[in-house]
Amino acid sequence: VVEALPFEDVLSLAYRFLQDSPESKEYAVRLLYLLRLLQLGPWFESWRHNAFLGYACELTGKWDEQFAWYDMATRDFFDSPLPPSLCIALARCCFAPHFPSVTYSRAIELLQQALEDEPYIEALHLLRRIYALTGQHANMLEMDKAIIDQRGRESASPSPLPPDL
């Protein structure tokens, strides 16, 4: 399939499989790994392809791989700020079971960076959750207020996925 279809079509196919059964999600991850292996040129044209693989790993519970691919996506930015979508995706890694690759304090930094541009509702909810888990009740109440203030004008988090999916 990967060799028979154009690059973008394989991405779209993998995305559709991610919307289906657990077996289909696993197949999507395998498709993306194979696509990366066989079509390196197009793969490295955008950080979003690594982020997409991180997202696929997140949906299939491959926590270490989730972080690894999101982290790989950050390498395109060197000294420039990360896009909010990637900050939010990386911050979600702090909720991985066992030994998360992102600490709560790093997740807070990433989410605050994402919120510099816009009050993305997902970032506000994630911050609230982290503050609740770490006993930072004053900050949690501040997030509650920010979430209430955004009702009716919520800014959906930007997607780290390739734009045509």
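Summarised in this report is the structure supplied together with it. (Residues numbered from 1 in each chain as written. Predicted model: local features only at pLDDT ≥ 70, side-chain atom pairs only at ≥ 80, totals over all residues. Heavy atoms only, no water.)

**Here we look at the packing of aromatic side chains**
Then, in step 1: According to the stated counting rule, one finds six aromatic pairs in the structure shown.
Then, in step 2: Plain terms: the ring middles of phenylalanine 17 and tyrosine 27 are 5.0 Å apart, the flat faces sit at 85 degrees to each other, and that makes the pair edge-to-face. Here the residue phenylalanine 17 occupies a position in helix α1 (residues 7-18), and tyrosine 27 occupies one in helix α2 (residues 22-38), the gap between them amounting to ten residues.
Then, in step 3: Exposure remark for phenylalanine 17: the relative accessible area of 24% places this residue in the partly exposed category.
Then, in step 4: Looking at tyrosine 27, the relative accessible area reads 29%, which means it is partly exposed.
Then, in step 5: Pairing phenylalanine 95 with tyrosine 104 gives two aromatic rings, centres 6.5 Å apart and planes at 55 degrees, and the pair type is tilted.
Then, in step 6: Relative accessible area serves as the criterion here: at 32%, tyrosine 104 is assigned to the partly exposed category.
Then, in step 7: The ring of phenylalanine 95 is capped by arginine 129, whose NZ or CZ atom sits 3.8 Å from the centre of that ring. (Phe/Tyr/Trp six-rings, centres within 6.5 Å; stacked < 30°, edge-to-face > 60°. Helix = DSSP H or I, 4+ residues; strand = E, 2+ residues; numbered from the N terminus. Buried < 20%, exposed > 50% of the residue type's maximum accessible area, 1.4 Å probe, protein only. Lys NZ or Arg CZ within 6 Å of the ring centre and 35° of its normal.)

**Points about the pattern of salt bridges**
Then, in step 1: Counted by the stated rule, this structure contains seven salt bridges.
Then, in step 2: Across the salt bridge formed by aspartate 149 and lysine 145, the nearest N and O atoms sit 3.0 Å from each other. Linking aspartate 149 with lysine 145, this pair stays in helix α9 (residues 137-150), spanning four residues, or about one helical turn.
Then, in step 3: Residue classification places lysine 145 among the exposed residues on the basis of a relative accessible area of 51%.
Then, in step 4: Residues participating in the shared-partner salt-bridge network are Glu58, Arg92 and Glu122. (Salt bridge = Lys/Arg side-chain N within 4 Å of Asp/Glu carboxyl O.)

**What about the environment of glutamine 113?**
Then, in step 1: Checked against the element boundaries, glutamine 113 lands in helix α7 (residues 104-114).
Then, in step 2: With relative accessibility at 24%, the residue glutamine 113 sits in the partly exposed group.
Then, in step 3: Each C-alpha atom, one on glutamine 113 and one on glutamine 19, is 29 Å from the other, the two residues being 94 residues apart in sequence.
Then, in step 4: When near neighbours in sequence (up to four residues on either side) are disregarded, glutamine 113 contacts Pro81, Leu82 and Cys87.
Then, in step 5: Engagement of the side chain of glutamine 113 in a polar contact is seen with the backbone oxygen of leucine 82, the distance being 3.5 Å. (Contact = heavy atoms within 4.5 Å. Polar contact = N/O pair within 3.5 Å; in protein donor to acceptor, adjacent residues only side chain to side chain.)

**Section: helix α5 (residues 63-74)**
Then, in step 1: Under the 1.5 Å per step criterion, the end-to-end length of α5 is 17 Å for twelve residues, consistent within 8% with the ideal 16 Å.
Then, in step 2: Gln66, Trp69, Tyr70, Ala73 and Thr74 are the residues of α5 that are buried. Axial view of α5: buried residues confined to an arc of 155 degrees, hence all on one face.
Then, in step 3: Structurally, α5 contributes buried residues whose contacts are with α2, α4 (47-59) and α6 (84-92). (Expected span 1.5 Å × (residues − 1). Arc of directions from axis to C-beta.)

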